[in-house]
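Report on the structure
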Amino acid sequence: MDKPARVVVTGLGVLSAFGQGRAEFEAGLFASASALRPITSLDTSRFACHWGGELPGFDTQGLVRKADAHCYDRVSLLALAAADEALAEAGLDPQSIGGRAGVMMGSAFGPAASIQDAVERVARDQRLRPTTLLKIMLNGPTAALAARYGLERASTAHVTACAASGHALAQATRSLQQGEMDVCLAGGAEAFPGTALFAAWDALAVMSPQTDPATGIMRPFTRERQGFVIGEAAAVLVLERLEHAQARGARILGEILGSGAVSDTPSLTRPTQRGMAGAMRAALADAGLSPAQVGHINAHGTATDLNDALESAAIAEVFGAGPVVSACKPAVGHCMGAGSALEAVATVLALQRQQAPHAVDPFWEGVGLAPAWQGGGRTVPLATDVALSNSFAFGGHFVSLAFRRFPATSAG
C-alpha cells in the first residue's frame, strides 16, 4: 500500500464575533479579548442567557447575485464568505480548481432560521416561498460551495452536532491522503439561533446567565463556571496534498497529521471521559505521535460542570499535565457545528505564532484548586511543533485533530 500523502493547510477563511475576516479573529483571539456582547438579534428577556457571540455587520454585498440571494439561508452565506477568503489566501483561482477539488462542511443546525420561518408560515396558513426547500436543506453550505466553485470531487455535509466540522476536516484529510482529490475546502458554518432554537438551548439550562464581562461571561475550567453562550461563525480551511501545494509554490500554513473519531453514548447528552480520551488517543495513533510530542491542546472547554471536569481528567489521563491548554469559546462563544473548524484555525495560528490564546489551567479539578478568573484566559508562549484540537458533541461524538507547524523545527 502506498504511503498516505501528507496534507497541508494553505488558506484560512473566518467569520466570527470579532468580525468578518481571519485578521479580525486572529487579532482579537491573541489579544486575549472577548467578542461576547448582549444579544441584539432576538428578545432574551424570558431566557436565562442574555449574551452571545453574534457576527457584527455581516456584509453580503456582492457575495451572491441579487437574483439568487433568496435561495440561500444565512448559514450558507457565512460559508461562502469564509471560503472566498480562504481561497484568496491560498492563491487559488476559484474558477479553475474544480476538477480535482471537493468540499466537506459541518453544521449542527444548518438553516435553522429558514426552517423556523417555514414553520411559522405554515402555522399562519401562509403559502411557502418556492425557494423554501432550497433554503432549508441541511447540506446548504456544502452545496453552495460546490456550486460556486464548480467542485467535481466528493462533497459531503456533516451534522454531528458540535463535532460536525471536526468530522468534516477528518474526512477531508483522509480523502486527500488517499489521493481522491488534490484540494478540499473543509470547515463549518453556524448562524446565530432564532428564538425557537435559542429556547431549546435555554430549556437544557446549560447557557451562562452571566452579564458582567469583568467577572467572565464564560469561565471554562474554573470552579465558578456556569455554562456557555452561543456564537455564530464560519471557518473554511483550504487543505491540499503537500506535493500539489509545493508544485504550485503555495505558502503552507500548517499540516494535519491525523484525526481520531470515536463514539461513546451512555446517553445523548452526557459526555464521557472514555470517549474524550479515546478520541485523543486515536488521533495520536493516526498521526504516529506519542503523548510527549504534543505541547498544546485546544480544548472543547464549554464551561459546563460535567464537560470541563471530564475533559480535564481525560487530558490528564492521556498526557499528564504537560501540554499548554487553550479554551477559545470565552472569546467567540460556542459556535456549535462551526466550532471545530474555528478552533482548528486557532490551533494552526497558535503553532505558527508559538502562542496559546486564551490559555487556561484544566488540571485544578484533580487537586481541588480553582485558578482565579483572568477575563477568559491569557496568551502564553509555546515551544512545540504539535498540537491537538478537541471537539465533543451531544450524541456521543468525540473528535480530535492533530496539527503540526510547517515546516517543523524538530522531529516532533
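Criteria and thresholds
- Residues numbered from 1 in each chain as written.
- Predicted model: local features only at pLDDT ≥ 70, side-chain atom pairs only at ≥ 80, totals over all residues.
- Heavy atoms only, no water.
- UniProt positions renumbered as here; feature names shortened; annotations may be inferred.
- Phe/Tyr/Trp six-rings, centres within 6.5 Å; stacked < 30°, edge-to-face > 60°.
- Helix = DSSP H or I, 4+ residues; strand = E, 2+ residues; numbered from the N terminus.
- Buried < 20%, exposed > 50% of the residue type's maximum accessible area, 1.4 Å probe, protein only.
- Lys NZ or Arg CZ within 6 Å of the ring centre and 35° of its normal.
- Contact = heavy atoms within 4.5 Å.
- Core = buried A, V, L, I, M, F, W, Y, C linked by side-chain atoms within 4.5 Å.
- Domains from an automatic or database assignment.

The protein carries the name Beta-ketoacyl synthase in an unreviewed UniProt entry, which gives Pararhodospirillum photometricum DSM 122 as its organism. Quoted verbatim from the Sequence similarities (unreviewed entry) field of UniProt, the annotation for the protein is "Belongs to the thiolase-like superfamily. Beta-ketoacyl-ACP synthases family."

**Some points on the packing of aromatic side chains**
By the definition in use, this model includes six aromatic pairs. On the basis of an interplanar angle of 80° and a centroid distance of 5.6 Å, the ring pair of W201 and F228 is categorised as edge-to-face. Pair noted here: W201 is in helix α7 (residues 195-203) and F228 is in the loop between α7 and β8 (233-241), with a separation of 27 residues, a long-range link. Judged by relative accessible area, which is 7%, W201 ranks as buried. Using a relative accessible area of 5% as the deciding quantity, one classes F228 as buried. Seen in terms of ring centroids, W201 and F394 are 5.8 Å apart; in terms of plane orientation they differ by 35°. Their pairing is tilted. With W201 in helix α7 and F394 in the loop between β14 (386-393) and β15 (397-404), the pair connects residues that are 193 residues apart, well separated along the chain. Overall, F394 belongs to the partly exposed group, its relative accessible area being 34%. Three or more aromatic residues link up through ring pairs in this structure, and these residues are F109, W201, F228 and F394. The side chain of R353 reaches across the aromatic face of F30, ending 4.2 Å from its centre.

**Quick look at the environment of G179**
Along the chain, G179 turns up in the loop between α6 (164-177) and β7 (183-190). Judged by its relative accessible area of 26%, G179 falls in the partly exposed class. Placed 62 residues apart in sequence, G179 and R241 show a C-alpha to C-alpha distance of 8.1 Å. Apart from the residues lying within four places of it in its own chain, the contact partners of G179 are R100 and R241.

**A word on the nonpolar core**
Judged by nonpolar contacts, the single largest core of 71 residues is most densely connected at F25, F198, L237 and L239. In terms of residue count, helix α12 (residues 339-353) provides more of this core than any other element does, nine residues in total. For this core, the domains that each give at least three residues are domain 1 (7-248) and domain 2 (259-405). Excluding residues that lie within four positions of it along the chain, F198 makes contacts with I39, L42, T44, F47, C49, F192, P193, M207 and I230.

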